[in-house]
Amino acid sequence: MAPAEAGESTLTVLLALGANASIGVLKLIAGLVTGSGALLSEAAHSAGDTSTELLLLTALRRSDRPADRVHPFGYGKERYFWSLLAAVTILISGAAFSIFQGFHTILGEAEEPSDKLWINYPVLAIAFVLEGISFRQALGQVKGAARRGRRSVRSYISDPEDPTVKSVVLEDSAALVGLVLAGAGVGLHQLTGSAFWDGLASLAIGALLVAAAYALAQTCKGLLIGKQADIRLVRAIEARLEAQPEILDLVDVLTMMTGVHRVLLCARVDFVEGTTADDLEMACIRIDADLRVEFPSLDEIFIQPVPRSDALLRERVLSRYGRVLADEPDTESAARRRSAAAGRGQGRNGSRGGPVG
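Presented here is a report on the structure given in the accompanying data block. This structure is a prediction, so every number in the text was calculated from the model and none was measured. (Residues numbered from 1 in each chain as written. Predicted model: local features only at pLDDT ≥ 70, side-chain atom pairs only at ≥ 80, totals over all residues. Heavy atoms only, no water.)

**Overview of the packing of aromatic side chains**
One pair of aromatic rings is described through two measures. These are the centre distance and the angle between the planes. Counted only if it meets this: Under the pairing criterion, centres of Phe, Tyr and Trp rings, with the six-membered ring standing for Trp, must be within 6.5 Å; the plane angle then separates stacked pairs below 30 degrees from edge-to-face pairs above 60, leaving the rest tilted. Each residue is assigned to one of three classes by its accessible area relative to the maximum for its type, calculated with a 1.4 Å probe on protein chains only: buried under 20%, partly exposed between the two thresholds, exposed over 50%.
A complete count under the given rule lists two aromatic pairs for this structure. Judged by centre distance (5.3 Å) and plane angle (75°), the rings of Phe81 and Trp82 are edge-to-face. Here Phe81 falls in the partly exposed class, since its relative accessible area comes to 38%. Ring geometry for Phe196 against Trp197: centres 5.2 Å apart, planes inclined by 75°, an arrangement best described as edge-to-face.

Below you can see the structure in the form of C-alpha cells.
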C-alpha cells in the first residue's frame, strides 16, 4: 500500500476514534441522567465503535510488515483478520446491548418521562456534528480510492480492497442513522409519555448494527478465504499475456488478494513450439518485469509452462470460470509469434537449442 494511502487510512481511523470516544462519554452521561434507553444504546454503540477503531489501528500497523520466512507472502491479510474482529465487536458490544436495552425498556415497569429529557437533544446534536466530520473524511477517502480504481463509490464500498475504510464508513453511516432514531425515540417518549418509543428506538439501533456487522463480516470473509483480484485487472493481465510473442495461448490464470493493493498471480501458459529453455527463462523474466511495471499491485508472479491440450487442466479451468481460456489459436497469429520468438533467440544466442522437453 502506498505511504500516502496508508497515512490517509490512519487519519480516517484516528478521526473516527476521537469522535466516538468523546461522543460515547456524552451519550453515557445523558443516558444515565435521563434514563433514556435509546441514549444508553447509543453509548454502547459508540463504545463498540471505539473498540473497533482500536482494532483497525492494529490492522493498519501489523498488515504492513514485510514478508519473512514464516509468512513468505507477507502479512497483508492481517488487515482482513482484525477487520473481522471489528465486525464481531460491533455485533457483541453494540447490537447485543441495544437489543437487550430495547426489550428491557419496553417490558419494564412504566415510568413517568424524566423532566431532564431535554439534555438528550444537545448531546445528540453534538454527536451528529462529530460523526458527520468523521463520515466526511471516510467518504472522501472512499471517493479517492474509487476514482483511482475507476469504479463507482457504491461498487467500492460493496467490494473494497481495504476493509478498514469500509468499517469506518459503515460505522459512521450507522451512527448517523442511529442518532436520528435515538432522537425520534426520545422525542416520542417525551410527547406521549410512553417509554415504548424509547425502547423501540433501541431495538431499531440494534438491528441497524446487526446489519452493519454482517456486511463488514461478509467482506472480510471473502478476503480471508482468498478472493480473486478485480475482474478488470484480471482481464487486462490476460490480454497482456496473450499479446506476448512467445506465448501461444493462455491456459489458466489464478489471482488472489494477499493484502491491500497486493495481488498474487499464477499464469499457466502454452509457449510457442520450439522455444528453447534459455528463451523460456528469458521470456519469463521479461514478462514478469513488464507486468510489474504495468500493474504495480502484482506482488508475486508465477508463470508455468503447460500444454493447452491437457484435458484435465482444461476441465478444471472450465469448472472454475465456466469457460476455457485456451482457444484454438489463429494459425497466422501463431506463425507470427513463432517467427518473433525465433528471431529473438537467434539474435541473442546465434542459434537455437533443442526444444523444451
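**Examining helix H10 (residues 311–321)**
As a reminder, the rule being used: We call two N or O atoms a polar contact when they sit within 3.5 Å, provided that within protein one can donate a hydrogen and the other can accept it, with sequence-adjacent residues counted only if both atoms are side-chain atoms. Here a helix means four or more residues in a row that DSSP labels H or I, a strand means two or more in a row labelled E, and each is numbered from the N terminus.
Between the side-chain oxygen of the N-cap and the backbone nitrogen of Leu312 there are 3.1 Å, and the N-cap of H10 in question is Asp310. Looking one or two places after H10, you find Gly322, whose phi comes out positive at around 80°.

**Points about a nonpolar patch on the surface**
Using the following cut-off: Each patch is assembled from residues with relative accessible area greater than 30% and no salt bridge, linking like charges that lie within 9 Å and nonpolar side chains (Val, Leu, Ile, Met, Phe, Trp, Tyr) that lie within 5 Å. For accessible areas, the Shrake-Rupley method is used with a probe of radius 1.4 Å. Any residue's cover is judged against the shown protein chains and nothing else. Between Lys or Arg on one side and Asp or Glu on the other, a salt bridge is scored when a side-chain nitrogen of the former is within 4 Å of a carboxyl oxygen of the latter.
Together, Leu188, Leu191, Phe196, Trp197 and Leu200 make up a nonpolar patch on the protein surface, roughly 470 Å² of accessible area in all. Among the secondary structure elements, those contributing two or more residues to the nonpolar patch are helix H6 (163–192) and helix H7 (196–225). Among the elements that make up the nonpolar patch, the one with the highest residue count is H7 (three residues). Tracing the backbone through its elements, the reader meets Phe196 in helix H7.

**A closer look at the nonpolar core**
Within soluble globular proteins, side chains that are nonpolar generally end up buried alongside one another. Operational definition: Definition of nonpolar core: a set of buried residues of the types Ala, Val, Leu, Ile, Met, Phe, Trp, Tyr and Cys, connected through side-chain atoms within 4.5 Å.
If you look at the biggest cluster of nonpolar residues, it comprises 30 residues, and the most contacted ones within it are Ile237, Leu241, Leu265, Phe271, Leu291 and Leu298. Only helix H8 (231–242), strand E1 (247–259), strand E2 (262–271), helix H9 (277–294), strand E3 (298–305) and H10 provide two or more residues apiece to this core. By size, the runner-up hydrophobic cluster in this structure holds 20 residues, among which are Ile90, Ala127, Leu179 and Ala201.

**Remarks on the pairing of E1**
Keep this limit in mind: If DSSP finds at least two bridges between two strands, the strands pair.
Taking burial as the measure, the 13 residues of E1 include eleven buried ones, the bulk of the element. The pairing of E1 with E2 spans ten bridges and is antiparallel. By the bridge assignment, Asp249 is partnered in E2 with Asp270. Linkage of E1 to E2, two consecutive antiparallel strands, is achieved through a turn of two residues, within which His261 is found at a positive phi near 60°.

**Observations concerning the pairing of E3**
Note the cut-off: We call a crossover right-handed when, viewed with the strands running away from us, the connection from the first strand over the helix to the second turns clockwise.
Relative to E3, E2 runs parallel, the two sharing seven bridges. Note on E3: the bridge partner recorded for Val269 is Pro305. Crossover E2 to E3 through H9 is right-handed.

**Topic: the pattern of salt bridges**
Inspection of every chain in the model, using the stated rule, returns 15 salt bridges. The residue Arg320 makes a salt bridge to Asp252 at a minimum N-O spacing of 2.7 Å. With Arg320 in helix H10 and Asp252 in strand E1, this residue pair connects regions lying 68 residues apart in the sequence. Its relative accessible area of 0% is what places Asp252 among the buried residues. Of the charged contacts in the structure, one is a salt bridge between Arg286 and Asp290, with a shortest N-O distance of 3.6 Å. Taken together, the residues span about one helical turn, with Arg286 and Asp290 both in helix H9 at a distance of four residues. Taking the relative accessible area as the measure of exposure, Arg286 reaches 28% and is therefore partly exposed. Residue classification places Asp290 among the partly exposed positions, given a relative accessible area of 29%.

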